[in-house]
Amino acid sequence: MKLTDFKALTFDCYGTLIDWESGMIDGLKPLTGRAGRSLSRNEILEAHARHESSQQKWTPEKHYCDLLPIVYRRLAEEWNVAVTREECLAYGESVKDWPAFADSAKALQYLKKHYKLVILSNVDNKSFSFSSKKLGVDFDAIYTAEDIGSYKPSDRNFDYMLEKLGTIGVEKRQILHTAESMFHDHVPANRFGLASCWIYRRHADQGFGATMHPGDMPKVDFRFDSMADLVKAHTEELRG
């Protein structure tokens, strides 16, 4: 199997192209700064993952920008911090400030010359519009949780993506699903028989950060520590 075998790269966005963990840590500072104890970066991210995943399960129809305020409130309760509704709502709007990884835009601009580029994300459309500007490329298709009415790792999201990609001439065998999250992306990619590429952004860290533990580790077909490394491997393939 080679990178050049594929016609489309389907991307998770947050954690893969956008540095959501740094965005979360910054957005949660008004809360974590008032917690009664010191919280490590991974403690914060893992608590966020628990509440976010639970809320996505219980209210799959809720837009991500409306779900994050509930996560903020659940974290405040866990850490025994009093918060206002305005604080919670502000966190829901913080996605627009989450930064892109330094290599994302340049890598996507290169890959656009060789693939259809597709987003499959657990975000709402308004929030993604801000992230899209940071990524500096026109995606061939964008499928969000708001469009689908459910959140990854639900099979619905992958069924939707595959059905819609079929309408623009992309078959399952031509797709390389490219993502950081084992829980949200690589586990369901395995269920669907999709080839997958792991962008292991957390290679220098412990645990799974802002995503839940996936259980048994899924199979991946390619692994790179960054988008820049993916581009480097692709260029080397082309050189033969």
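None of the values given here were measured: they were computed from a predicted structure. Think of each chain on its own: its residues are numbered from 1, step by step along the sequence as written. The predicted nature of this model means local features are confined to residues of pLDDT at least 70 and side-chain atom pairs, given and counted, to a pLDDT of 80 or more, with totals for whole chains, interfaces and linings taken over all residues. Heavy atoms throughout the structure, all of them, feed into the side-chain values; hydrogens and water do not.

Asker: Got a minute to help me understand the overall build of the protein chain in this structure?
Answerer: Helix and strand assignments follow DSSP, with helices taken as H or I runs no shorter than four residues and strands as E runs no shorter than two, numbered in order from the N terminus. Each helix and strand counted, the protein chain has 11 helices and 6 strands in total. In this description the radius of gyration comes from C-alpha coordinates, and the expected globular size is given by 2.2 Å times residues to the power 0.38. Relative to the 2.2 N^0.38 estimate, which gives 18 Å for 240 residues, the radius of gyration of the protein chain is 18 Å and therefore close to what a compact globule would have. In terms of overall dimensions, the protein chain has C-alpha extents of about 60 × 35 × 35 Å along its principal axes. Note on exposure labels: buried denotes an accessible area under 20% of the residue type's maximum, exposed denotes more than 50%, and partly exposed covers the range between, all computed with a 1.4 Å probe on protein chains only. Here the protein chain, with 240 residues, has 54% of them falling under the buried criterion. With residues, only the protein chains shown are counted as cover, and all accessible areas are computed by Shrake-Rupley using a 1.4 Å probe. Per element, the accessible surface of the protein chain, about 10900 Å² overall, is 50% carbon and sulfur. A positive count includes Lys and Arg, and a negative count includes Asp and Glu. His and the chain ends are not counted in either. By convention, the charge on Lys lies at NZ, on Arg at CZ, on Asp at CG and on Glu at CD. Charge separation in the protein chain, taken as the distance between the mean sites of 32 positive and 35 negative side-chain charges, equals 2 Å.

Asker: Hey, could you run me through the packing of aromatic side chains in this one?
Answerer: The geometry of an aromatic ring pair is captured by the separation of the ring centres together with the interplanar angle, meaning the angle of the planes. What counts as a ring pair is set by centres within 6.5 Å for rings of Phe, Tyr and Trp (its six-membered ring), and what kind of pair is set by the plane angle: stacked under 30 degrees, edge-to-face over 60, tilted for all other angles. Tallying each qualifying case throughout the model produces 8 aromatic pairs. Note on phenylalanine 6 and phenylalanine 222: the rings are 6.4 Å apart at their centroids and 85° apart in plane angle, and the pair reads as edge-to-face. One end of the pair, phenylalanine 6, is in the segment before β1 (8-11); the other, phenylalanine 222, is in strand β6 (residues 222-224), and 216 residues separate them in sequence. Ring pairs connect the aromatic residues Tyr14, Tyr64 and Trp98, which therefore count as one cluster. We note arginine 201 situated over the ring of phenylalanine 101; from NZ or CZ to the ring centre the distance is 3.9 Å. The criterion is that NZ of a Lys, or CZ of an Arg, lies within 6 Å of the ring centre and within 35 degrees of the ring normal, and then a charge sits over that ring. Of note, arginine 223 hangs over the ring of tryptophan 198, and the distance from its end group to the ring centre comes to 5.7 Å.

Asker: What am I meant to see in the sheet that holds strand β2 (residues 116-121) here?
Answerer: Sheet strands associate in pairs through backbone hydrogen bonding, adopting either a parallel or an antiparallel arrangement. What the 6 strands build is an open sheet, ordered β3-β2-β1-β4-β5-β6; its pairing is parallel. Across the chains shown, the open sheet's two edge strands, defined by having one partner strand only, are β3 (141-144) and β6. Taking the axes of each pair of neighbouring strands and ignoring which way they run, one obtains an average angle of 20° across the sheet. When DSSP finds two or more bridges between two strands, those strands count as paired. Inspection of the sheet shows β1 paired to strand β4 (residues 175-179) by 4 bridges, in the parallel sense. Looking at the pairing, alanine 8 lines up with isoleucine 175 of β4. Between N-to-C directions, angles span 0 to 180 degrees; the directions come from axes that are lines fitted to C-alpha atoms, helices contributing only their stretch in contact.

Asker: Is there a simple way to think about the side chain of serine 127 in this case?
Answerer: Among the structural elements, serine 127 can be located in helix α7 (residues 125-135). Should any heavy atoms of two residues lie within 4.5 Å, those residues are counted as being in contact. Look past the residues within four positions of serine 127 in its chain and what remains in contact with it is Tyr14, Cys65 and Val95.

So yeah, pure geometry; function would need other evidence.
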